[in-house]
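# Report on the structure
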Amino acid sequence: MKQRIAHIALVVKDYDEAIQFYTEKLDFTLLEDTRLSEDKRWVIVSPPGANECSLLLAKAANNKQFQSIGNQTGGRVFLFLFTDDFWRDYNKMIDRGINFVRPPKEESYGLVAVFEDLYGNMWDLLEPNESNKGVI
């Protein structure tokens, strides 16, 4: 049997501002934007070259969901964006106004820095080192 995680739902305030952030600031690809009802859309974005998991941008539909925007994990790093060239992506993100809350640091598993998305969710930008490319 083979299973995989296809999408991770990310609660957002507004579909269009989230699409703009992910496509223009992080170079994600908009894979799908289908209207399901007057208030609901099926919006999928993914990093360039990604084949497995993608983000489902899910607009908050009630007060409890609105309270979770930007804090879906209680302030911990939520998502991990792997790169094949840390400094290329880091410098591009800095130039585009991305807020890094922890500077680049060489760890045992690779080069990593923590940044915030437009709502404050924390992400790792990570280039695994040679010994961890297939592991993490």
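Residues numbered from 1 in each chain as written. Predicted model: local features only at pLDDT ≥ 70, side-chain atom pairs only at ≥ 80, totals over all residues. Heavy atoms only, no water.

- Going by what an unreviewed UniProt entry lists, the protein chain is known as VOC family protein and is assigned to Maribacter algarum.

## Some remarks on the packing of aromatic side chains
- Tallied over the full model, the rule gives ten aromatic pairs.
- Measuring from centroid to centroid gives 5.0 Å for Phe86 and Trp87, while their planes differ by 85°, and the two rings are edge-to-face.
- Looking at Phe86, the relative accessible area reads 0%, which means it is buried.
- Classification of Trp87 by relative accessible area gives partly exposed; the value is 44%.
- Considering the side-chain rings of Phe86 and Tyr90, the 5.6 Å spacing of their centres and the 15° angle between planes classify their relative orientation as stacked. Here Phe86 pairs with Tyr90, and both are found in helix α3 (residues 86-95), just four residues apart, close to one helical turn.
- For Tyr90, a relative accessible area of 13% puts it in the buried group.
- Through a chain of ring-to-ring contacts, the aromatic side chains of Phe21, Tyr22, Phe28, Phe86, Trp87, Tyr90, Phe100, Phe115 and Trp123 assemble into a single cluster. (Phe/Tyr/Trp six-rings, centres within 6.5 Å; stacked < 30°, edge-to-face > 60°. Buried < 20%, exposed > 50% of the residue type's maximum accessible area, 1.4 Å probe, protein only. Helix = DSSP H or I, 4+ residues; strand = E, 2+ residues; numbered from the N terminus.)

## Examining the environment of Glu24
- Examined against the element boundaries, Glu24 turns out to sit in helix α1 (residues 15-25).
- Distance from Glu24 to Arg96, taken between C-alpha atoms, is 8.7 Å for residues 72 residues apart in sequence.
- Not counting residues within four places of it along the chain, the set of residues in contact with Glu24 comprises Ile19 and Arg96. (Contact = heavy atoms within 4.5 Å.)

## So, the nonpolar core
- Counting 30 residues, the largest nonpolar core has Tyr22, Leu55, Leu57 and Phe115 as the members making the most contacts within it.
- Within the residue set of this core, elements represented by two or more residues are β1 (7-12), α1, β3 (41-46), β4 (54-59), β5 (77-82), α3, β7 (110-116) and β8 (122-128).
- In terms of residue count, the dominant contributor to this core is α1 (five residues).
- If you count residues domain by domain, this core takes at least three from each of domain 1 (1-69) and domain 2 (71-135).
- Apart from the residues within four sequence positions on either side, Leu57 is in contact with Leu10, Val12, Tyr15, Ala18, Ile19, Tyr22, Val43 and Val45. (Core = buried A, V, L, I, M, F, W, Y, C linked by side-chain atoms within 4.5 Å. Domains from an automatic or database assignment.)

## A closer look at the sheet that holds β5
- In spatial order, the strands read β5-β8-β7-β6; together these four strands make up an open sheet with mixed pairing. At either end of the open sheet lies a strand with only one pairing partner, and these are β5 and β6 (100-107). Direction aside, neighbouring strands of the sheet carry axes that sit 20° apart on average.
- In this sheet, β8 lies alongside β5 in parallel orientation, the contact comprising five bridges. Note on β8: the bridge partner recorded for Phe82 is Leu126. (Pairing = 2+ DSSP bridges. Axes fitted to C-alpha atoms, helices over the stretch in contact; angles between N-to-C directions.)

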